[in-house]
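Single-letter residue listing:
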There are 2 protein chains.
Amino acid sequence: MSADIIPLKRRDEEPAPTLEPMLQLTASGMNSVNSVILDRMQSEIPLIPALAGHLISGGGKRLRPMLTLAGAELVGYQGTRHHKLAAAVEFIHTATLLHDDVVDGSEMRRGKAAANIIYGNPATVLVGDFLFSRAFELMTEDGSLKVLKILSNASAVIAEGEVAQLSAQRKIETSEDRYLEIIGAKTAALFAAASRIAAVVAECDDRQERALDDYGRNLGVAFQLVDDAIDYDSDAAQMGKDQGDDFREGKMTLPVILAYARGSEEERSFWKAAIMGHRSSDQDLAHAIALIGRHNAVEDTRARARHFAQRAIDAISIFPDGKARQAMAEAAMFAVARGY
Amino acid sequence: MSADIIPLKRRDEEPAPTLEPMLQLTASGMNSVNSVILDRMQSEIPLIPALAGHLISGGGKRLRPMLTLAGAELVGYQGTRHHKLAAAVEFIHTATLLHDDVVDGSEMRRGKAAANIIYGNPATVLVGDFLFSRAFELMTEDGSLKVLKILSNASAVIAEGEVAQLSAQRKIETSEDRYLEIIGAKTAALFAAASRIAAVVAECDDRQERALDDYGRNLGVAFQLVDDAIDYDSDAAQMGKDQGDDFREGKMTLPVILAYARGSEEERSFWKAAIMGHRSSDQDLAHAIALIGRHNAVEDTRARARHFAQRAIDAISIFPDGKARQAMAEAAMFAVARGY
């Protein structure tokens, strides 16, 4: 059934795509964004910057604000309004990560103890709320109602996506389409909004605005697909996330959906029990990874990701070729190649 | 030390202040607000309206949106913009209640099982985030950047107040001034913002805007003081909240602060142990209530509340006398008299 899908493993003679061009493109702007982030996470209540700083200075890639900056380069925006807005995007993202850690009962995040483990759930929930409010303060200071609409809507969609994911948890019958809807909401909506607002501050036309939205949305889907693949990839380098978290939490991600769909009756029985939480030992995880390998489900999840990355790259083909477009295209390829 | 403070118990010949005039003043507007609330808590994810509705239709007084409506009446505003904004205020409040229930591990809210008990902490956190995002969508639709600034700032201050309260928990040395700062942030900031935005949509001058802010802020402080008094009031009618929650959670509220300050060495030892969580049985709670009674700490907390309620009433004296002002004044007196 999946025999005709060509494995995506990069050949050694091709240089691996990296985030390097994107990092260079946005380096100076990211300095400004980082200043805003550090400035606006402050509070007279010492626990707030301590907890927020644990995650914010904890080595995240800051990919979402980088999308705003790259988008601004792509459309030739000359101003600085997008620095505050990119910081707002990162605050929204950080708030959702803090709440996710509480929701999932995470123990690790980005290779360190998760904030909820160090500071407890109560403070983690509240500091998330604080950062979320700060994000809206930053947007209000900028004053664009269009940006406010895009990001407040994205925030509501993210929350809906997270609730939908929670509702799908431990439900073996979750379909691939349903899964794509969920990651479209919980992850891709913010990628789309982060890119789109660059076009808004630059007063681009609707077509350009839409193109940046499409780039971000497809990139976000690709990114989440690969994240979910890595959690079951026996070859993957550790990404600062405990491998097997999704398995133990009974999350229905694409590698599981594919392995279940392609599995024998016996394998399906195993998956049902595992997703219900009745098979969660290290040995069960090893068995799950073996089944996923047997059905090429990690490779095929990456193939799906490559499809969305390609759509992201094509979406920005309406803009003139140049450093920005090339960096954004390579970032999309990097999203797919991560973890090799 | 407290002998010269006159007890506040109302004399039977005086009619008790009620919320009735406020309810009548805002009845028709509240119908519109309730429609917006019901409409905007909907989502394709069924768990969202189910969980939100559990709290929203759970018999809250909707005091905060009522303040926006009463303020609009006070300043003679003729439009309807404030209906959406009042709904946004209620959504922010509901989001903080949902998160509070998770933070406190509450079992009861408004006389029913708390949302986190029925739906679990994860969904409760996420639906709070959803309502919070919806609040900002509503404000963005209205389009007033001034309102957005007031309410995004209030939201950040609320979160700071909640974190500050968490930091003060189980700390016997919390002072009355610190406590007033905390409730000023966690409760009164939203009361102030809810009142103030009525003046903003009506395009009042700064002095009137400030007067409505002061009314709301002082009313909020009075309201929270009485809430905290009721938790230790041996005479109080049950308010849909388990009496003794603050005690068991080691929250430093004014009745405890006063009883501790006025207590003997032996009493202070008891309070230290109790606030640390080493004395939390029903018998310990009965002893705490007895000590608080001995030092008039509930009555004196109500006396403090009366001071703030009076400031609220005086703050709106710059507006012409009439039905709206009288209803708002009686609401402030009602806030103090609650629970008798």
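Thresholds, definitions, all that
Residues numbered from 1 in each chain as written. Chains lettered and ligands numbered in written order. Predicted model: local features only at pLDDT ≥ 70, side-chain atom pairs only at ≥ 80, totals over all residues. Heavy atoms only, no water. Helix = DSSP H or I, 4+ residues; strand = E, 2+ residues; numbered from the N terminus. Rg over C-alpha atoms; globule rule 2.2 N^0.38 Å. Buried < 20%, exposed > 50% of the residue type's maximum accessible area, 1.4 Å probe, protein only. Contact = heavy atoms within 4.5 Å. Lys, Arg positive; Asp, Glu negative; His and termini not counted. Charge placed at Lys NZ, Arg CZ, Asp CG, Glu CD. Least-squares fit on C-alpha atoms with pLDDT ≥ 70 in both. Phe/Tyr/Trp six-rings, centres within 6.5 Å; stacked < 30°, edge-to-face > 60°. Lys NZ or Arg CZ within 6 Å of the ring centre and 35° of its normal. Salt bridge = Lys/Arg side-chain N within 4 Å of Asp/Glu carboxyl O. Axes fitted to C-alpha atoms, helices over the stretch in contact; angles between N-to-C directions. Parallel < 35°, antiparallel > 145°, perpendicular 65-115°, else oblique. Left-handed = near helix turned anticlockwise from the far one by under 90°. Nonpolar A, V, L, I, M, F, W, Y, C, P; charged D, E, K, R; others polar. Buried area = accessible area lost by both parts, 1.4 Å probe. Polar contact = N/O pair within 3.5 Å; in protein donor to acceptor, adjacent residues only side chain to side chain. Expected span 1.5 Å × (residues − 1). Core = buried A, V, L, I, M, F, W, Y, C linked by side-chain atoms within 4.5 Å.

S.K.: Whenever I open this one, the overall build of chain A confuses me. Can you help?
M.R.: Summing up its helical and strand segments, chain A has 14 helices and 2 strands in all. The C-alpha atoms of chain A give a radius of gyration of 20 Å, which matches the 20 Å a tight globule of 340 residues would have. By principal-axis analysis of the C-alpha atoms, chain A measures approximately 60 × 50 × 35 Å. Counting only residues that meet the buried cut, chain A has 60% of its 340 residues in that class. Nonlocal contacts in chain A, meaning residues at least 24 apart in sequence, comprise 76% of its contacts between residues at least 6 apart. Taken as two groups, the 38 positive and 48 negative side-chain charges of chain A have centres that lie 1 Å from each other.

S.K.: I tried to follow the relation of the copies chain A and chain B on my own but got confused; where do I start?
M.R.: One copy of the chain maps onto the other through a rotation about an axis followed by a shift along the same axis. Once turned by 180° and shifted 0.0 Å along the axis, chain A lies on chain B with an RMSD of 0.0 Å. Here the transformation between the copies is reduced to the relation of a two-fold axis. The fraction of interface residues of chain A whose copies in chain B are also interface residues reaches 100%, indicating that both copies meet through the same surface.

S.K.: For this particular structure, what's the right way to read the packing of aromatic side chains?
M.R.: Any two aromatic rings considered together are summarised by their centre-to-centre distance and by the angle between their planes. Applying the stated criterion across every chain, the model contains 10 aromatic pairs over all chains. Seen in terms of ring centroids, Tyr232 of chain A and Phe247 of chain A are 6.4 Å apart; in terms of plane orientation they differ by 90°. Their pairing is edge-to-face. Residue Tyr232 of chain A is found in the loop between α8 (206-230) and α9 (245-248), and its partner Phe247 of chain A is found in helix α9; the two are separated by 15 residues along the sequence. Per residue, the accessibility class of Tyr232 of chain A equals that of Phe247 of chain A, and both read buried. Considering the side-chain rings of Phe191 of chain B and Phe223 of chain B, the 5.5 Å spacing of their centres and the 45° angle between planes classify their relative orientation as tilted. Taken together, the residues Phe191 of chain B in helix α8 (residues 176-201) and Phe223 of chain B in helix α9 (residues 206-230) connect sequence positions 32 residues apart. Note on accessibility: Phe191 of chain B and Phe223 of chain B belong to one class, buried. Aromatic rings pair up to connect Phe132 and Phe136 of chain A together with Phe132 and Phe136 of chain B into one cluster. Stacked on the ring of Phe223 of chain A, the Lys or Arg Arg338 of chain A has its end atom at 3.8 Å from the ring centre.

S.K.: How should the pattern of salt bridges be read in this particular structure?
M.R.: Once their charged atoms are close, side chains differing in charge can pair, the charge on each being opposite to the other. Counting across every chain of the model gives 44 salt bridges over all chains. Linking Glu141 of chain A and Lys84 of chain A is a salt bridge whose minimum nitrogen-to-oxygen distance equals 2.7 Å. Pair noted here: Glu141 of chain A is in helix α5 (residues 115-142) and Lys84 of chain A is in helix α4 (residues 81-104), with a separation of 57 residues, a long-range link. Glu141 of chain A sits in the partly exposed class, given a relative accessible area of 39%. Residue Lys84 of chain A is classed as partly exposed on the basis of its relative accessible area of 29%. Here Asp227 of chain B ties to Arg338 of chain B by a salt bridge, and the two come within 3.0 Å at their closest N and O atoms. Pair noted here: Asp227 of chain B is in helix α9 and Arg338 of chain B is in the segment after α15 (323-337), with a separation of 111 residues, a long-range link. A relative accessible area of 25% places Asp227 of chain B in the partly exposed class. Looking at Arg338 of chain B, the relative accessible area reads 4%, which means it is buried.

S.K.: Explanation requested: the packing of helix α4 (residues 81-104) of chain B against α8 of chain B in the structure shown.
M.R.: Working note: a packed helix pair is described by the angle between its axes plus the distance between those axes. Residues and elements named next belong to chain B. Running from N to C, α4 and α8 cross one another at 165°; their axes reach a closest spacing of 10 Å. As summarised for this structure, α4 and α8 are arranged roughly antiparallel, according to the angle between their axes. Considering the relative orientation of α4 and α8, their crossing is right-handed. Between α4, through Arg81, His82, Leu85, Val89, Ile92 and His93, and α8, the contact on the second element is made entirely by Leu190, Ala194, Ile197 and Val201. In the contact of α4 with α8, the residues fall into 7 nonpolar, 2 polar and 1 charged.

S.K.: In this structure, what is going on with the interface of chain A and chain B? I would like to understand it.
M.R.: How big an interface is tends to be stated in terms of accessible area lost as the parts join. Taken residue by residue, the interface counts 37 residues in chain A and 37 residues in chain B. Across the chain A/chain B interface, buried area totals approximately 3,200 Å², and carbon plus sulfur atoms make up 76% of it. When the buried surface of chain A facing chain B is broken down by residue, Leu126, Glu160 and Val163 of chain A rank first, second and third, together holding 18% of it. Run the count over chain A and chain B and you get 0 salt bridges. Run the count over chain A and chain B and you get 10 residue pairs in polar contact (both at pLDDT 80 or more). Taken together, the elements giving at least two residues each to the side of chain A that touches chain B come down to α2 (47-56), α4, α5 and α6 (145-168) of chain A.

S.K.: Before we go on, may I ask you to explain the environment of Arg178 of chain B in this structure?
M.R.: Position of Arg178 of chain B among the secondary structure elements: in helix α8. Remark: the alpha-carbon pair of Arg178 of chain B and Ala168 of chain B, spanning 10 residues in sequence, is separated by 8.9 Å. Apart from residues lying up to four places away in sequence, Arg178 of chain B is in contact with Ile45 of chain A together with Ala164 of chain B.

S.K.: Would you mind showing me how to read α4 of chain B here?
M.R.: Three- or four-residue spacings in an α-helix give side chains the same orientation, since the helix completes a turn every 3.6 residues. All names here are of chain B. The terminal C-alpha atoms of α4, which comprises 24 residues, lie 35 Å apart, in line with the 34 Å expected from a rise of 1.5 Å per residue. When you tally the buried positions in α4, you get 21 out of 24 residues, the bulk of the element. Positive phi shows up at Gly105, right after α4, with a value of about 60°.

S.K.: What is the right way to look at the side chain of Glu160 of chain A in this model?
M.R.: Positionally, Glu160 of chain A belongs in helix α6. Here Glu160 of chain A occupies a buried position and makes no salt bridge, while the nearest side chain of opposite charge, Arg134 of chain B, is found at 4.4 Å. Residues contacting Glu160 of chain A, with those up to four places away along its chain left out, are Ser43, Glu44, Ile45, Ile48, Phe130 and Arg134 of chain B.

S.K.: When you look at α6 of chain A in this model, what are you seeing that I'm missing?
M.R.: Compared with the 34 Å implied by 1.5 Å per residue over 24 residues, the 34 Å span of α6 of chain A between its first and last C-alpha is a close match. In terms of residue burial, α6 of chain A counts as a mostly covered element, since 18 of its 24 residues are buried.

S.K.: Teacher, can you tell me more about the environment of Met333 of chain B here?
M.R.: Residues and elements named next belong to chain B. Its location among the elements puts Met333 in helix α15. Exposure remark for Met333: the relative accessible area of 43% places this residue in the partly exposed category. Sequence-wise, Met333 and Ser28 are 305 residues apart; in three dimensions their C-alpha atoms are separated by 23 Å. Contacts of Met333, omitting those with residues within four sequence positions, involve Pro17 and Ile313.

S.K.: Before we go on, may I ask you to explain the nonpolar core in this structure?
M.R.: Most often, soluble globular proteins keep nonpolar side chains buried together rather than apart. Among the nonpolar cores identified, the biggest contains 242 residues, and Leu131 and Trp271 of chain A together with Trp271 of chain B are the most heavily contacted of them. If sequence neighbours within four positions are ignored, Trp271 of chain A has contacts with Ile172, Phe247, Val256, Ala259, Tyr260, Ala288, Leu291 and Ile292 of chain A.

S.K.: Could you clarify how one ought to interpret the side chain of Arg302 of chain B in this entry?
M.R.: Structurally, the position occupied by Arg302 of chain B is in helix α14 (residues 297-315). Polar side-chain contacts of Arg302 of chain B include one of 2.6 Å to the backbone oxygen of Val336 of chain B.

Coordinates in, geometry out; function isn't part of it.
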